[in-house]
Amino acid sequence: MSDHAVLRVKGRVLVGPEEARDELWVVGGRITYERPAGARDVRTVEGWALPGLVDAHCHVGLDHHGAVDEATSEKQAIGDREAGTLLLRDAGSPADTRWIDDREDLPKIIRAGRHIARTRRYIRNFAHEIEPDDLVAYVAQEARRGDGWVKLVGDWIDRDAGDLTACWPRGEVEAAIAEAHRLGARVTAHCFADVALRDLVEAGIDCVEHATGLTEDTIPLFAERGVAIVPTLVNIATFPQLAAGGAGKFPRWSAHMNRLYERRYDTVRAAYDAGVPVFVGTDAGGSLAHGLVAAEVAELVKAGIPPLEALSATAWAARGWLGRPVLEEGAPADLVVYDEDPRADVRVLAAPRRIVLNGLVVG
């Protein structure tokens with residue numbers, strides 16, 4: 001798929017949240033704002049163009065049973081692409097999806113290796129399940145395998161305690177995060193509760209997934225350290241169902257999950273108001289379908305984040321955070337075109353008109 005025709009995108013090209021240009025050109029799969037001399041067979045797409053959307057928390061190569069085959073992984077990636085999601089931060093997968101990097105028609109993936117969890121303290125078949133003495137070694141291993149990220153499971157249900165508890169002692173977490181940083185990787189962690197948050201942030205973690213346990217005590221710490229959160233609100237919507245399923249055996253855990261669910265919007269809004277960076281992620285691939293970015297942006301708006309900021313959390317700001325380009329001169333032509341201005345109504349994201357990936361019109 002290397003035959004890149006010249007493409008002209010005209011209308012409003014949203015270079016940034018407040019900056020629009022009238023057109024761009026795609027030559028050789030890359031963006032230029034200079035009209036190419038002597039261009040023939042030009043295809044024109046009209047509308048409102050955004051950088052390819054970002055899902056900063058998903059799982060390609062994974063379903064609720066564990067690793068999946070390549071055909072299923074391909075379907076997952078296509079589901080994201082058809083929603084306009086062209087950059088994925090894969091927050092943990094046991095499958096090898098490197099073959100996707102050779103496909104110009106599939107989204108780009110930034111991998112965090114495989115989840116690292118405490119023994120018998122996570123979903124079966126998802127993670128490396130280890131004890132604290134091995135944490136540094138496994139973090140180093142996954143830092144080398146990933147694309148600049150490592151994923152820890154920071155808390156999970158402790159069946160003896162009957163509730164969510166922290167998975168790692170403070171000293172081992174500090175050493176592990178330091179090792180990841182030494183190897184050039186950032187670290188993120190799954191956290192539902194508040195029990196692990198302070199230790200993780202003070203140990204230097206870069207991001208927390210879900211972050212439903214944030215409180216008025218920990219939000220200022222996140223803001224001060226610049227620790228990002230990816231709330232995955234479309235996934236948090238499943239908490240009542242999970243809580244109901246475990247209410248008989250683990251009533252404390254069940255009640256805790258319901259409390260976290262009930263205050264989910266207030267938690268996200270309080271974090272945003274305090275200056276905590278918030279990015280869009282869906283947690284697709286475990287039990288949720290891929291392609292839910294538009295729904296997650298709408299959830300952030302429902303939580304009280306201004307629409308333009310929620311849009312940026314899956315577009316310009318998200319790409320900047322992940323170190324990937326937007327619609328700039330010479331960048332890969334990864335963009336989505338809509339019939340209307342998504343800044344005026346984020347629901348527009350649910351209906352992309354055209355999807356361009358590596359300069360190819362793929363949807």
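In case you missed it, the structure is sitting above this.
For the structure given in this document, a descriptive report is provided here. In this text, all values refer to a predicted model and were calculated from it rather than measured experimentally.

**Overview of helix α8 (residues 251-262)**
Over its 12 residues, α8 runs 16 Å from end to end, which matches the ideal 16 Å to within 8%, given 1.5 Å per residue. Of all the positions in α8, only W253, S254, H256, M257 and L260 are classed as buried. Seen along its axis, α8 keeps its buried residues to an arc of 165°; they face one direction. Exposed side chains of α8 directed beyond 90 degrees from the buried face belong to R252 and E262.

**So, the sheet that holds strand β9 (residues 108-111)**
The sheet built from three strands is open, its strands ordered β5-β8-β9 with parallel pairing. Each end of this open sheet is capped by a strand with a single partner; those strands are β5 (53-58) and β9. Strand-to-strand twist across the sheet, computed as the mean angle between neighbouring axes with direction ignored, equals 20°.

**A short note on the pairing of strand β1 (residues 7-16)**
The pairing of β1 with strand β4 (residues 43-51) spans seven bridges and is parallel. Each residue of the ladder has a partner; that of V13, found in β4, is A49. Bridge count between β1 and strand β2 (residues 19-27): seven bridges; the pairing is antiparallel. From the neighbouring strand, V9 faces β2, where its bridge partner is L24. Between β1 and β2, which pair antiparallel one after the other, the connecting turn spans two residues.

**Digging into the sheet that holds strand β3 (residues 30-32)**
Taken in spatial order, the seven strands of this open sheet run β3-β2-β1-β4-β18-β19-β20, and their pairing is mixed. Taken across any chain shown, the strands that pair with only one partner, and hence form the sheet edges, are β3 and β20 (360-361).

**Observations concerning a positive patch on the surface**
A cluster of basic side chains, namely R120, R124, R159 and K249, defines a positive patch on the protein surface. Mapping R120 onto the fold places it in the loop between β10 (116-118) and β11 (128-130).

**A short note on the pattern of salt bridges**
The full count for this structure, using the stated rule, is 25 salt bridges. Between D339 and R353 there is a salt bridge whose closest N-O contact spans 3.3 Å. One end of the pair, D339, is in the loop between β18 (335-338) and β19 (354-357); the other, R353, is in the loop between β18 and β19, and 14 residues separate them in sequence. A salt bridge links D341 to R343; the nearest nitrogen and oxygen atoms lie 3.1 Å apart. Owing to a relative accessible area of 17%, D341 belongs among the buried residues under this scheme. Judged by relative accessible area, R343 falls into the partly exposed class, the value being 23%.

**Concerning the nonpolar core**
Ranked by size, the top nonpolar core spans 81 residues in total, and within it L135, L152, I205, F222 and L300 carry the most contacts. At five residues, helix α10 (residues 293-303) tops the list of elements feeding residues into this core. Those residues in contact with L300 that lie beyond four places of it in its chain are P231, L233, V268, V278, V280, I305, A310 and A313.

**Some remarks on the environment of P240**
Here P240 lies in helix α7 (residues 239-246). Residue P240 is classed as partly exposed on the basis of its relative accessible area of 28%. Sequence separation of P240 and N258 is 18 residues, and the distance between their C-alpha atoms is 5.9 Å. Contact partners of P240, with chain neighbours within four places excluded, come to N258 and Y261.

**Some points on helix α2 (residues 135-145)**
Regarding α2, the residues found buried are L135, V139, A140, E142 and A143. Against the buried residues of α2 lie β10, β11, β12 (149-153) and α3 (170-182).

Rules used throughout
Residues numbered from 1 in each chain as written. Predicted model: local features only at pLDDT ≥ 70, side-chain atom pairs only at ≥ 80, totals over all residues. Heavy atoms only, no water. Helix = DSSP H or I, 4+ residues; strand = E, 2+ residues; numbered from the N terminus. Expected span 1.5 Å × (residues − 1). Buried < 20%, exposed > 50% of the residue type's maximum accessible area, 1.4 Å probe, protein only. Arc of directions from axis to C-beta. Pairing = 2+ DSSP bridges. Axes fitted to C-alpha atoms, helices over the stretch in contact; angles between N-to-C directions. Patch = residues over 30% accessible without salt bridge, like charges linked within 9 Å, V, L, I, M, F, W, Y side chains within 5 Å. Areas by Shrake-Rupley, 256 points an atom, 1.4 Å probe, with all protein chains shown as cover. Salt bridge = Lys/Arg side-chain N within 4 Å of Asp/Glu carboxyl O. Lys, Arg positive; Asp, Glu negative; His and termini not counted. Charge placed at Lys NZ, Arg CZ, Asp CG, Glu CD. Core = buried A, V, L, I, M, F, W, Y, C linked by side-chain atoms within 4.5 Å. Contact = heavy atoms within 4.5 Å.

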